[in-house]
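Residue-level listing of the chains:
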Amino acid sequence: MKKKLIEFKNFGFKYDSQQNYTLKNINLDIYEGEKVLILGESGCGKSTLCNSINGLVPFFYSGIIEGSLKINGKNTKDMSIFEISKIVGTVLQDPDNQFIALTSAEDIAFKLENLCVNKETMYKKVLEVSKLIGMDNFLNSNPHNLSGGQKQKVTLGGAIVDEIDILLFDEPLASLDPKTSKNTIELINTITHKTNKTMIIIEHRLEEILKLNLDKIVLLSDGEIIFSGAPNDLLKSDLLKKCGIREPLYLTALKYAGIEISKDLDLENLNNIDKNLIQPSLNKFYNSLNYECEDKLNKTPIFECKNITFSYNNSKKILEDVSFKVFENELLCIVGKNGAGKSTISKLMCGFMKNNSGSFIFNGKDITNYTIYQRSNIIGYVMQNPNQMISHTIVFDEISFALKNLNLNSNEIKEKVNEILKICDLYEMRNWPISALSFGQKRRVTIASILVMNPKILILDEPTAAQDFKHYTQIMEFIKSLTNHGITSIMITHDMHLLLEYADRCIVISDGKKIGDDIPSKILSNEEIIEKANLKQTSLHELSIKCNIKSTEDFINKFITYDRSIRNK
């Protein structure tokens, strides 16, 4: 019989700074070796639940606790945060906030140093853990200089180095390219298999995290558990839609095709679904749909990157001879693996860095020598990490900051800010301290602070990372609506769903070079580009092949067009 490691009984928690309870009547058991997904829309209490397990609630976030929480049979009220940390390890969403050393080896060893472990044992343990996570060749590297996936591995190594029993992951896939996300999932599976550790994951990307072969999904809504059970049972219910959670694309396609979601379907894994139960209806659905591609290539570009080359201090080229056009009112995505040069090209466009050669053209005029201030009237930039943009303590003040510098009167500022707050679903939080917001809510604040300035071109670096489906849709529909106001959007993203659902065109960068420029469905049907750029074919591609549909690319285009029409009703 499995050992019970975590036991919530009628548990509730209210932050000192808030009037209402964030968690209410939580009853949940988690056992040794289980892989558990904590799911729910932003603000439902997922992070608070996990912070209760790792001791940050109430030792760092003070408040009132009701009921009880036992870890390894002991009530947490009778434990110190040090005792809890010897059982529970946490891998944060933003690895940079977790590093404390100058090399990966020192960072992994930090916990052992605090436990006064002797050097010989420490060296042996660090090497053992680094091999487990695949980082033994990077022990002398500065963790801040590693790729996103490598950074996450180092923080994972630091968490498991002292034989903890429980690992918490906060949005582990949020900032990773598709292939690295797949590798992270495989690594979590490997660690579970080899060590029998209990894994608790907060993640919005349900379709990808299902590859973990989860034992249990816990669905939260408004601070309460409304489902706790097997993934297949949740996928067959209507709870995902009710809670604003994106269901796997293949499941949506099956529903559109009129296929009954019965007990005979193993929905957790597309490969396990009996083809004979779905193929006739899916092919009929495919044949009933139409798709016409809008040709933008003959239109006049609003912006051009011409032969852009860039390197730091004349060292290895980060970008080499990159050229592409941006057309007015289109929604363009730039994709590629972590470290490919995607963020670099956007920073060069904004003038934050100076390209070695090449030029930038806006409406036929060379703006290569424009200052950052001059370019800011043309291009707005939303950074990937919201903490690097935020400069005020209150939400309203952060979003209104740029408008105040334009010497607008208070009524004009209030009207503009409130409009953006409502669009970004932040109006109720307008007077909140930013420190009280989740990572996803902070991201919406930074997007709002740029959108309020109404730039001609908007560059967004991973705008939907860490967003639930409700806020993902709201933000993307808003960005899409900006085309009606003459604003062109460029998005850097790892989200293949976003790419398919919203992008008019896609630029692919790999190792500093442009290797693709086409509509998303063609990019994601090109195996050579997928391999070079660490992209991933979506489940629609897998479903199409499984059911012998004549053209995978055509099926994807037809599905996306139909899905948009349904969601826009």
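Residues numbered from 1 in each chain as written. Predicted model: local features only at pLDDT ≥ 70, side-chain atom pairs only at ≥ 80, totals over all residues. Heavy atoms only, no water.

*Asks:* Could you clarify how one ought to interpret the overall build of the protein chain in this entry?
*Replies:* Helix and strand content of the protein chain: 23 helices and 20 strands. Over its C-alpha atoms the protein chain spans a radius of gyration of 24 Å, differing by no more than 12% from the 25 Å that the globule rule assigns to 569 residues. C-alpha atoms of the protein chain, sized along the principal axes, occupy 70 × 60 × 55 Å. Split into buried and exposed, the 569 residues of the protein chain put 54% on the buried side. Across the protein chain, contacts joining residues at least 24 apart in sequence account for 68% of those joining residues at least 6 apart. Counting every atom, the protein chain has about 25300 Å² of accessible surface; 46% of that belongs to carbon and sulfur. (Helix = DSSP H or I, 4+ residues; strand = E, 2+ residues; numbered from the N terminus. Rg over C-alpha atoms; globule rule 2.2 N^0.38 Å. Buried < 20%, exposed > 50% of the residue type's maximum accessible area, 1.4 Å probe, protein only. Contact = heavy atoms within 4.5 Å. Areas by Shrake-Rupley, 256 points an atom, 1.4 Å probe, with all protein chains shown as cover.)

*Asks:* Help me out: how do you make sense of the sheet that holds strand S5 (residues 74-75) in this one?
*Replies:* Hydrogen bonding along the main chain pairs the strands of a sheet, whether they run parallel or antiparallel. Read from one edge to the other, the open sheet built from 4 strands follows the order S2-S1-S4-S5, with strand pairing classed as antiparallel. The sheet terminates laterally at strand S2 (23-31) and S5, the two strands that pair on one side only. Pairing of strand S1 (residues 4-15) with S2 involves 6 bridges; the strand directions are antiparallel. Each residue of the ladder has a partner; that of Phe8, found in S2, is Leu28. (Pairing = 2+ DSSP bridges.)

*Asks:* What's the story with the side chain of Lys216 in this structure? I'm lost.
*Replies:* Following the sequence through the fold, Lys216 ends up in strand S9 (residues 216-221). Not counting residues within four places of it along the chain, the set of residues in contact with Lys216 comprises Leu28, Asp29, Ile30, Glu34, Lys35, Val36, Leu37, Ser228 and Gly229.

*Asks:* In this structure, what is going on with the pattern of salt bridges? I would like to understand it.
*Replies:* Side-chain pairs of opposite charge can arise whenever the charged atoms involved come near each other. Counted by the stated rule, this structure contains 24 salt bridges. Residues Lys4 and Glu7 are paired through a salt bridge, measuring 3.9 Å at the closest nitrogen-oxygen approach. Judged by its relative accessible area of 17%, Glu7 falls in the buried class. The residue Glu7 makes a salt bridge to Lys9 at a minimum N-O spacing of 3.6 Å. The class of Lys9 is partly exposed, set by a relative accessible area of 46%. Residues joined by salt bridges that share partners form a network here, namely Lys4, Glu7, Lys9 and Asp29. (Salt bridge = Lys/Arg side-chain N within 4 Å of Asp/Glu carboxyl O.)

*Asks:* How should I be thinking about the pairing of strand S20 (residues 513-518) in this particular structure?
*Replies:* Regular strands have side chains that alternate between both faces of the sheet. When strand S19 (residues 505-510) meets S20, the two strands line up antiparallel, connected through 5 bridges. In the strand pairing of S20, Val508 is matched with Gly516. Two successive antiparallel strands, S19 and S20, enclose a turn made up of 2 residues, where Asp511 displays a positive phi of approximately 50 degrees.

*Asks:* Explain the nonpolar core to me, please; I cannot follow it from the model alone.
*Replies:* Buried together is how nonpolar side chains tend to be arranged in soluble globular proteins. With 117 residues, the main nonpolar core has Leu39, Leu156, Leu167, Leu206, Ile209, Leu535 and Leu543 as its most contacted residues. Dropping the residues within four chain positions of it, Leu167 is found in contact with Gly89, Val91, Leu156, Ala159, Ile160, Lys197, Thr198, Met199 and Ile200. In this structure, Ile30, Val36, Ile87 and Ile200 belong to the second largest nonpolar core, which totals 29 residues. (Core = buried A, V, L, I, M, F, W, Y, C linked by side-chain atoms within 4.5 Å.)

*Asks:* Can you help me understand the packing of helix H4 (residues 104-114) against helix H6 (residues 148-160) in this one?
*Replies:* Two quantities define a packed helix pair, namely the angle between the helix axes and the distance between the axes. Where H4 contacts H6, the two axes come as close as 7 Å, and the packing angle between them is 30 degrees. On the basis of their axis angle, the class for H4 and H6 is roughly parallel. When you trace H4 past H6, the crossing you get is right-handed. Between H4 and H6, the contacting residues are Ser104, Asp107, Ile108 and Lys111 on the first element and Val154, Gly157, Gly158 and Ala159 on the second. (Axes fitted to C-alpha atoms, helices over the stretch in contact; angles between N-to-C directions. Parallel < 35°, antiparallel > 145°, perpendicular 65-115°, else oblique. Left-handed = near helix turned anticlockwise from the far one by under 90°.)

*Asks:* Quick question: what am I supposed to make of the sheet that holds strand S7 (residues 166-170) here?
*Replies:* A sheet is described by the order of its strands in space; here 6 strands give the open sequence S6-S7-S8-S3-S9-S10, paired in mixed fashion. Edge positions in the sheet fall to strand S6 (88-91) and strand S10 (224-229), since each of these pairs with one other strand and no more. Direction aside, the axes of adjacent strands within the sheet are offset by 20 degrees on average. Here strand S3 (residues 35-39) runs beside strand S8 (residues 198-202); their pairing, made up of 4 bridges, is parallel. Note that in S8 the partner of Ile38 across the bridge is Ile202. Sheet strands in contact with helix H1 (residues 46-54) are S3, S6, S7, S8 and S9, and its direction is about 150 degrees off that of S8. Helix-sheet contacts for helix H7 (residues 178-195) involve S3, S7 and S8, and the interaxial angle to S8 is about 155 degrees.

*Asks:* Can you walk me through the domain arrangement of the protein chain in this structure?
*Replies:* Often, the extent of an interface is quoted as the loss of accessible area upon association of its parts. Domain annotation of the protein chain identifies domain 1 (4-246), domain 2 (247-288 + 540-568) and domain 3 (302-539). Computed from C-alpha atoms alone, the centre-to-centre distance between domain 1 and domain 3 is 29 Å. Between domain 1 and domain 3, the contact holds 23 residues from the first and 25 residues from the second. In total, domain 1 and domain 3 occlude about 2100 Å² of area from one another, counting both sides; carbon and sulfur atoms represent 47% of this. (Domains from an automatic or database assignment. Buried area = accessible area lost by both parts, 1.4 Å probe.)

*Asks:* Can you walk me through helix H5 (residues 119-133) in this structure?
*Replies:* Note that an α-helix has 3.6 residues per turn; residues three or four places apart therefore point the same way. Helix length check: H5 (15 residues) gives 21 Å between terminal C-alpha atoms against 21 Å at 1.5 Å per residue, within 8%. Residues of H5 that are buried make contact with H4, H6 and H7. One side-chain oxygen at the N-terminal end of H5 lies 3.3 Å from the backbone nitrogen of Glu120; it belongs to Asn118. (Expected span 1.5 Å × (residues − 1). Polar contact = N/O pair within 3.5 Å; in protein donor to acceptor, adjacent residues only side chain to side chain.)

*Asks:* Even after reading the chapter, I still don't get a nonpolar patch on the surface, so can you show me in this structure?
*Replies:* Among the surface-exposed residues, Phe59, Ile81, Phe82 and Leu115 lie close enough to one another that they form a single nonpolar patch of about 350 Å² accessible area. Inspection of the secondary structure assignment puts Leu115 in the loop between H4 and H5. (Patch = residues over 30% accessible without salt bridge, like charges linked within 9 Å, V, L, I, M, F, W, Y side chains within 5 Å.)

*Asks:* Quick question: what am I supposed to make of the environment of Arg567 here?
*Replies:* Looking at the secondary structure, you find Arg567 in helix H23 (residues 552-567). Ignoring anything within four residues of it in the chain, the contact list for Arg567 reads Thr473, Glu477, Glu501 and Tyr502.

*Asks:* Would you explain the packing of aromatic side chains in this entry?
*Replies:* How two aromatic rings sit relative to each other is given by the distance of their centres and the angle of their planes. Scanning the model with the defined rule gives 14 aromatic pairs in all. For the pair Tyr256 and Phe559, a centre-to-centre distance of 5.8 Å together with 40 degrees between the ring planes defines the contact as tilted. With Tyr256 in helix H11 (residues 249-256) and Phe559 in helix H23, this pair connects stretches of sequence that are 303 residues apart. By relative accessible area, which is 22% here, Tyr256 ends up partly exposed. What makes Phe559 buried here is its relative accessible area of 0%. Relative to Tyr562, the ring of Tyr256 has its centre 5.0 Å away and its plane inclined at 80 degrees; by these criteria the two rings are edge-to-face. Taken together, the positions of Tyr256 in helix H11 and Tyr562 in helix H23 put the pair 306 residues apart, joining distant regions of the chain. (Phe/Tyr/Trp six-rings, centres within 6.5 Å; stacked < 30°, edge-to-face > 60°.)

*Asks:* What should I look at first to understand the side chain of Asp468 in this one?
*Replies:* Following the sequence through the fold, Asp468 ends up in the loop between strand S17 (457-461) and helix H18 (469-481). Here Asp468 is buried and forms no salt bridge, its nearest opposite-charge partner Arg444 lying at an N-O distance of 6.0 Å. Side-chain polar atoms of Asp468 contact the backbone nitrogen of Lys470, separated by 3.2 Å. In this structure, Asp468 is in contact with Glu41, Ser42 and His204, ignoring residues within four places of it in sequence. (Lys, Arg positive; Asp, Glu negative; His and termini not counted.)

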